[in-house]
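Chain and residue survey
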Amino acid sequence: MRRRLPAAALALGIVLALLAAAPALAAGYRYWSFWDGAAGGQWSYAAQGPSLARPADGSVQGFRFAVSKDAAAEAAKPRAAADFEAVCGATAPAEGRKRVALVIDFGVQADAPTGEVVPQEAPRTACAQVAPEATTAEALAAVAKPLRYNSAALLCAISGYPQHGCGEQIAQTGAVEASAEPSGSAPGGGGPSAGLLVGIAAVAALAAAGVWQSRRRGR
């Protein structure tokens, strides 16, 4: 019996840790994700934010507004193919300029902030002709103003959508939980969630109590 108590306390603590962490793991974010066009018309999650990325002539860059996880495998991708010719094929090259194909997907109405309407259902495409050293943010500004950023340089709105909010954390119920910090072009932090820390503390406390009780009975 003495040996079972610490083990039982530890098991209970682990269950509490998982339950405490579950809401944080289930949460997503309402934000504009940023994508690089890849071979075969596919998309890959951008490693840099649009204000840092400097696409080459012939590149395809994509943006998608949605409620989704801040992770390459789970974020919502643009619903149109990354096809440079389809977007910029009719735009003649110009000396001293580069062409960047942009796919802007405003998402679905279910992901729109309360009181706002998605500007258009189908993804918008545009061919930006900009200076060779221009960033993706500059190419986007050339064809999709107005843009809105927050104080941390997180892209909040394209063509004025959405009018309010920026990277809100959304629970499974759809309720806004808290503002998110940017990670590259998208929100999300790399530290442990508060729920997980609470669970870990519960594990430690219950295990310590079990050991103390076992030693007390052994005296």
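Presented here is an overview of the structure given in this document. Since we're looking at a predicted model, the values are computed, not measured.

1. Describing the environment of E95
- As for its placement among the helices and strands, E95 is situated in the loop between α2 (84-88) and β4 (98-105).
- Sequence separation between E95 and P132 is 37 residues, and the spatial gap between their C-alpha atoms is 10.0 Å.

2. Re the state of the cysteines
- Throughout the structure, instances matching the rule amount to two disulfides.
- Through a disulfide, C88 is tied to C127; the S-S separation comes to 2.1 Å. Since a negative S-S torsion denotes a left-handed disulfide, the C88-C127 link at about 110° is right-handed. With C88 in helix α2 and C127 in strand β5 (residues 124-130), this pair connects stretches of sequence that are 39 residues apart. Note on accessibility: C88 and C127 belong to one class, buried.
- With a sulfur-sulfur separation of 2.0 Å, C156 is cross-linked through a disulfide to C166. Taking the sign of the torsion about the S-S bond as the criterion, the disulfide between C156 and C166, at about -75°, is left-handed. In this pair, C156 sits in strand β7 (residues 155-157) while C166 sits in the loop between β7 and β8 (168-170), placing the two residues 10 residues apart along the sequence. Both residues of the pair, C156 and C166, count as buried.
- Cysteine pairing for the protein, with bonded cysteines counted in sequence order: 1-2, 3-4.

3. Points about the pairing of β4
- Counting buried residues in β4 gives eight out of eight residues, a clear majority hidden from the surface.
- One ladder, built from six bridges, connects strand β3 (residues 59-68) with β4; its direction is parallel. Its bridge partner being in β4, R64 is matched across the sheet by D105.

4. Observations concerning the packing of aromatic side chains
- As enumerated under the stated definition, the model contains six aromatic pairs in all.
- Plain terms: the ring middles of W32 and F106 are 5.6 Å apart, the flat faces sit at 80° to each other, and that makes the pair edge-to-face. Taken together, the positions of W32 in strand β1 (residues 28-37) and F106 in the loop between β4 and β5 put the pair 74 residues apart, joining distant regions of the chain. Residues W32 and F106 agree in their burial class; the two are buried.
- With a centroid separation of 5.0 Å and 20° between ring planes, the pair formed by F34 and F63 is classed as stacked. Taken together, the positions of F34 in strand β1 and F63 in strand β3 put the pair 29 residues apart, joining distant regions of the chain. Residue F34 shares its accessibility class with F63, and that shared class is buried.
- Among the aromatic residues, those joined into a cluster by ring pairs are W32, F65, F106 and Y161.

Conventions we followed
Residues numbered from 1 in each chain as written. Predicted model: local features only at pLDDT ≥ 70, side-chain atom pairs only at ≥ 80, totals over all residues. Heavy atoms only, no water. Helix = DSSP H or I, 4+ residues; strand = E, 2+ residues; numbered from the N terminus. Disulfide = S-S within 2.5 Å. Buried < 20%, exposed > 50% of the residue type's maximum accessible area, 1.4 Å probe, protein only. Pairing = 2+ DSSP bridges. Phe/Tyr/Trp six-rings, centres within 6.5 Å; stacked < 30°, edge-to-face > 60°.

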